[in-house]
Amino acid sequence: MKKVPFIDKKTAELIDAKIPTPFYVYDEEGIINNIKNIRSAFAWNMGFKEYFAVKATPNPFLLKIMKEHGLGVDCSSLTELILSKAVGFSGDDIMFSSNETPEEDYVLAQKLGSIINLDDITHIDYFDKLCGLNETMSIRYNPGGVFTVSNGIMDNPQDAKYGMTTDQVFEAVRIMMDRGVKHFGIHSFLVSNTVTNDYYPMLAGKLFELAVDVHRKTGAHISFINLSGGVGIPYTPDQEPNDIFVIGDEVRKVYEKILVPAGMGDVAIYTEMGRYVMGPYGALVTKAIHEKHIYKEYIGVDACAVNLMRPAMYGSYHHITVLGKEDAPCTHKYDVVGGLCENNDKFAIDRMLPEIEKGDYLFIHDTGAHGFSMGYNYNGKLRSAEVLVHPDKSFEMIRRAETPKDYLATFDFSDFDFI
Ligand SMILES: *Cc1c(COP(=O)(O)O)cnc(C)c1O
């Protein structure tokens, strides 16, 4: 599908005049429409709830949009809980899906009334001693083996550190029932970024069968199945996007085939999508500041891998549009690079693009999830600002850029007399 930027060059210039590049932009209208589609695709399920994975885009202004449109949040750490609380989330609008969880994280999650999703069987005692078990508890499941979806999409749950084995799920349910737990959720995350409509329906089939089995063998009431994240987005223009309506309808068919005949038609479906909710609706905008001609052609930009780590870390493709040159022919082959002292600091390698001049704005697509949030400070580089573009095209800064003072804030300089 052709990649079309959601801002034009004029808007980039207007933003840049107030909030210098590099900056992240988010498309409020796109986010809201997408949330509406997700909710309507699963509206057949009475208890359906999408818990947005906060780690994908942890910004309170964006979380507020999610809240206003009926989403909950999926938190994995103390600070994500604090952020979510600040936005007004509480109770069963928070799913706490952590692993290797510190005590203070569980304590705060419990204080906020979150649904606790236990990653391991040993966490039953750990959490029980700290907080006491709740009437409803959730269990993260890892089926092991290899999970194959379609189109060669697969992953190896057997190598993943998350979740409990099948036997442990049954044992965990029995232990917790003995201690008075009344309702259970089952959660599983098996494959990341699946660009196919088959993943959720296949995962749902597996989890529904397990839920029926658990119910039959232990008598436990299963109140929800959490399909977690993993629904992907097409990063390259040649990929077909997922159709959330097909996905929702296929999950419904599996639900009606497996859960309903087992008398479990009251099970709520939960999801914890991050990438699918936000990915396409965020972009990193950076300016070309240098041109270098050695053995290859380089365009040096003012963002670097600390602003967007995915290409350096996973070799991920992110489409780039040169704003104002949307329709210009791609006649030049460039490496688009940032300024880190790391040779993997490349947003694009051998990419065919229109001729780039210094001062051009590069719109790096599909960075609305796992983009800004994976940022770091290597080389003393600073995190950028985040900007929300409203449906009427006006814009608002929703996080300022870091300054050197922020970078130095965790040092205590009081013993240094040169300051
Ligand atoms: C990261 C994560 C998600 C979100 O994954 P996406 O691929 O962004 O949808 C959901 N649940 C858990 C437990 C996660 O760790």
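Since this is a predicted model, take the numbers as computed values, not measurements.

Explain a negative patch on the surface residue by residue, including any values.
Residues Asp-8, Glu-13, Glu-326 and Asp-327 make up a contiguous surface patch of negative charge. Here Glu-13 is to be found in helix 1 (residues 9–18).

Kindly report on helix 7 (residues 166–178), identifying the contributing residues and their values.
With 13 residues, helix 7 should cover 18 Å at 1.5 Å per step; its first-to-last C-alpha distance of 19 Å lies within 8% of that length. Within helix 7, burial applies to Val-169, Phe-170, Ala-172, Val-173 and Met-176. The buried residues of helix 7 occupy an angular sector of 160° when the element is viewed end-on, so they sit on one face. Exposed positions of helix 7 whose direction lies more than 90 degrees from the buried face are Asp-167 and Asp-178.

How would you sum up the domain arrangement of the protein? Please name residues and give values.
In terms of domains, the protein is made up of domain 1 (42–272) and domain 2 (282–405). The straight-line distance from the C-alpha centre of domain 1 to that of domain 2 is 33 Å. At the junction of the two partners, domain 1 supplies 13 residues and domain 2 supplies 15 residues. Here domain 1 and domain 2 share an interface that buries about 1200 Å² over both sides, 58% of which is from carbon and sulfur atoms. Considering only the side of domain 1, the residues that lose the most area to domain 2 are Ala-56, Phe-61 and Tyr-235, jointly responsible for 45% of the buried surface there. The interface formed by domain 1 and domain 2 holds zero salt bridges in total. Across the side of domain 1 that touches domain 2, the residue classes tally to nine nonpolar, three polar and one charged.

How would you sum up the nonpolar core? Please name residues and give values.
With 104 residues, the main nonpolar core has Met-176, Phe-208 and Ile-225 as its most contacted residues. Looking at this core element by element, the count peaks at ten residues for helix 8 (residues 199–218). Structurally, this core is a two-domain feature, drawing no fewer than three residues from each of domain 1 (42–272) and domain 2 (282–405). Not counting the four nearest positions on each side in its chain, Ile-225 is found in contact with Ile-186, Leu-207, Phe-208, Ala-211, Val-267, Ala-268, Ile-269 and Tyr-270. Core analysis: the second largest hydrophobic core is formed by 15 residues, Ile-7, Ala-12, Phe-23 and Leu-323 among them.

How would you explain the packing of aromatic side chains if you had to name every residue and give the values?
Applying the stated criterion across every chain, the model contains 14 aromatic pairs. For the ring pair Tyr-24 and Tyr-26, a centre distance of 6.2 Å and an interplane angle of 15° mean the geometry is stacked. Across the pair, Tyr-26 and Tyr-24 agree in class, each one buried. The lysine or arginine in question, Lys-67, covers the ring of Phe-89, its NZ or CZ lying 5.7 Å from the ring centre.

Give a detailed account of the sheet that holds strand 3 (residues 72–75), specifying residues and quantitative values.
Pairing in this closed barrel of eight strands is parallel, and the strands run 2-3-4-5-6-9-10-11 around the ring. Neighbour-to-neighbour, the strand axes of this sheet turn through a mean angle of 25°, independent of strand direction. Relative to strand 5 (residues 115–118), strand 4 (residues 94–97) runs parallel, the two being bridged by three bridges. Looking across to strand 5, one finds that Met-95 is bridged to Ile-115. Contacting strand 4 and strand 5, helix 5 (residues 103–111) crosses the sheet at an angle of about 145° to strand 5.

The rules behind these values
Residues numbered from 1 in each chain as written. Predicted model: local features only at pLDDT ≥ 70, side-chain atom pairs only at ≥ 80, totals over all residues. Heavy atoms only, no water. Patch = residues over 30% accessible without salt bridge, like charges linked within 9 Å, V, L, I, M, F, W, Y side chains within 5 Å. Areas by Shrake-Rupley, 256 points an atom, 1.4 Å probe, with all protein chains shown as cover. Salt bridge = Lys/Arg side-chain N within 4 Å of Asp/Glu carboxyl O. Lys, Arg positive; Asp, Glu negative; His and termini not counted. Charge placed at Lys NZ, Arg CZ, Asp CG, Glu CD. Helix = DSSP H or I, 4+ residues; strand = E, 2+ residues; numbered from the N terminus. Expected span 1.5 Å × (residues − 1). Buried < 20%, exposed > 50% of the residue type's maximum accessible area, 1.4 Å probe, protein only. Arc of directions from axis to C-beta. Domains from an automatic or database assignment. Contact = heavy atoms within 4.5 Å. Buried area = accessible area lost by both parts, 1.4 Å probe. Nonpolar A, V, L, I, M, F, W, Y, C, P; charged D, E, K, R; others polar. Core = buried A, V, L, I, M, F, W, Y, C linked by side-chain atoms within 4.5 Å. Phe/Tyr/Trp six-rings, centres within 6.5 Å; stacked < 30°, edge-to-face > 60°. Lys NZ or Arg CZ within 6 Å of the ring centre and 35° of its normal. Pairing = 2+ DSSP bridges. Axes fitted to C-alpha atoms, helices over the stretch in contact; angles between N-to-C directions.

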